[in-house]
Amino acid sequence: MNLSNADNPVARHAARILPRGGRWWVIVLLLVGAGVLGALLQRYWLELDEYSLLRPHVLVRWQALVLLSEALIALPWAAVRGALLWRRLEADGHVDDYRRSRLSSATIVSGALTAVMRPVVILLVTSLALCLALVPVGARFGGGVTMSGALLAHGLLVVQAFAFGSLGLALGGWLRYPGAAIPHALGFLAAAVAAIWAINPLYRWLPDPSGIIYACLLPNPVTAIGAVLETDVLRFGWVYQHVRAHEYFYIYPPAWQTAAFYLGLALLAQGLCVFRVRRMETR
């Protein structure tokens, strides 16, 4: 029985299981949180004083830092929603109910993922609308996020969030203790962000570290968004002091390669979910 996600009963039912995660005030709160985090990054990451933060060109730059912040907010949110939803579906016996209705394993997994991603996509679409509304303001002050940069950055965020939502679902089903799926997913995000710092001790042993630098930057969601926005994240003041990659030749991976990496991760995670549901059917 093949159903599109538009009329997928799993998507409709699963969306009601975690209703608070999709309410409008949660989305507004997360957007405000991204704005506050962007301001904090300006103050402490870029090491700007309070007086500088009031200058128009700095306020324009804040827009790009908000998008960097959304990578640290939307991706964990998608992973947490996925882990909690799958844990609930299995614990309450809903997966067994879906199977008895003769829905295919792929339909069950895609429906659950649709429920996970719906509010995350609404968050990112709202962010895109606000970002596009501010494009003329940025152009007036000679900077800011361009229309193409906003579209590419949000498209990349959607793909990355899709991967983390799928990862949350997969970990929630495969780990012996489903609650451990959340720290595992967040640990993966932390590893992707911090890998470029973790390889600092390896440079002395490598004749040409450009390859490993590239490999560490490929899954990094923050530097990927920065590259789309033409922002050299590794040369920000605080990062520059703690990461040695800038001492060597490196280039940021193209956005399509990072998107392909996360799309592959999403398909792998969904495949594991489908395999688990099919294995449950043979018990």
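Just above sits the structure.
The notes below deal with the structure included here. Predicted model only: the values in this text are computed from it and were never measured. (Residues numbered from 1 in each chain as written. Predicted model: local features only at pLDDT ≥ 70, side-chain atom pairs only at ≥ 80, totals over all residues. Heavy atoms only, no water.)

### Focus on the overall build of the protein chain
Looking only at helices and strands, the protein chain has 11 helices and 0 strands in total. What you see in the protein chain, going N to C, is helices and strands ordered as α-α-α-α-α-α-α-α-α-α-α. Buried positions account for 47% of the 283 residues belonging to the protein chain. Sequence-distant contacts in the protein chain: of pairs separated by 6 or more residues, those separated by 24 or more amount to 79%. Accessible surface, the protein chain: about 14100 Å² in total, of which carbon and sulfur atoms supply 66%. (Helix = DSSP H or I, 4+ residues; strand = E, 2+ residues; numbered from the N terminus. Buried < 20%, exposed > 50% of the residue type's maximum accessible area, 1.4 Å probe, protein only. Contact = heavy atoms within 4.5 Å. Areas by Shrake-Rupley, 256 points an atom, 1.4 Å probe, with all protein chains shown as cover.)

### Observations concerning helix H7 (residues 181-198)
Remark: the principal bend of H7, roughly 40°, maps to Ala-192. Within the span of H7, buried status applies to Ala-181, Ala-185, Leu-189, Ala-192, Ala-195 and Ile-196. (Bend = angle between axes of the 7 residues up to and from the residue.)

### A look at the side chain of His-94
Locating His-94 in the fold gives a position in helix H4 (residues 94-100). Residues in contact with His-94, not counting those within four places in the same chain, are His-13, Ile-17, Arg-88 and Leu-89.

### A closer look at the packing of aromatic side chains
Taken as a whole and judged by the stated rule, the model has 5 aromatic pairs. A ring pair is formed by Tyr-250 and Tyr-252, whose centres lie 5.6 Å apart and whose planes are at 90°; its orientation type is edge-to-face. Look at Tyr-250 and you get buried, because its relative accessible area is 13%. Aromatic rings pair up to connect Phe-164, Phe-188, Phe-261 and Tyr-262 into one cluster. (Phe/Tyr/Trp six-rings, centres within 6.5 Å; stacked < 30°, edge-to-face > 60°.)

### So, the environment of Val-274
Tracing the backbone through its elements, the reader meets Val-274 in helix H11 (residues 255-281). Excluding residues that lie within four positions of it along the chain, Val-274 makes contacts with Ser-105, Ala-106 and Val-109.

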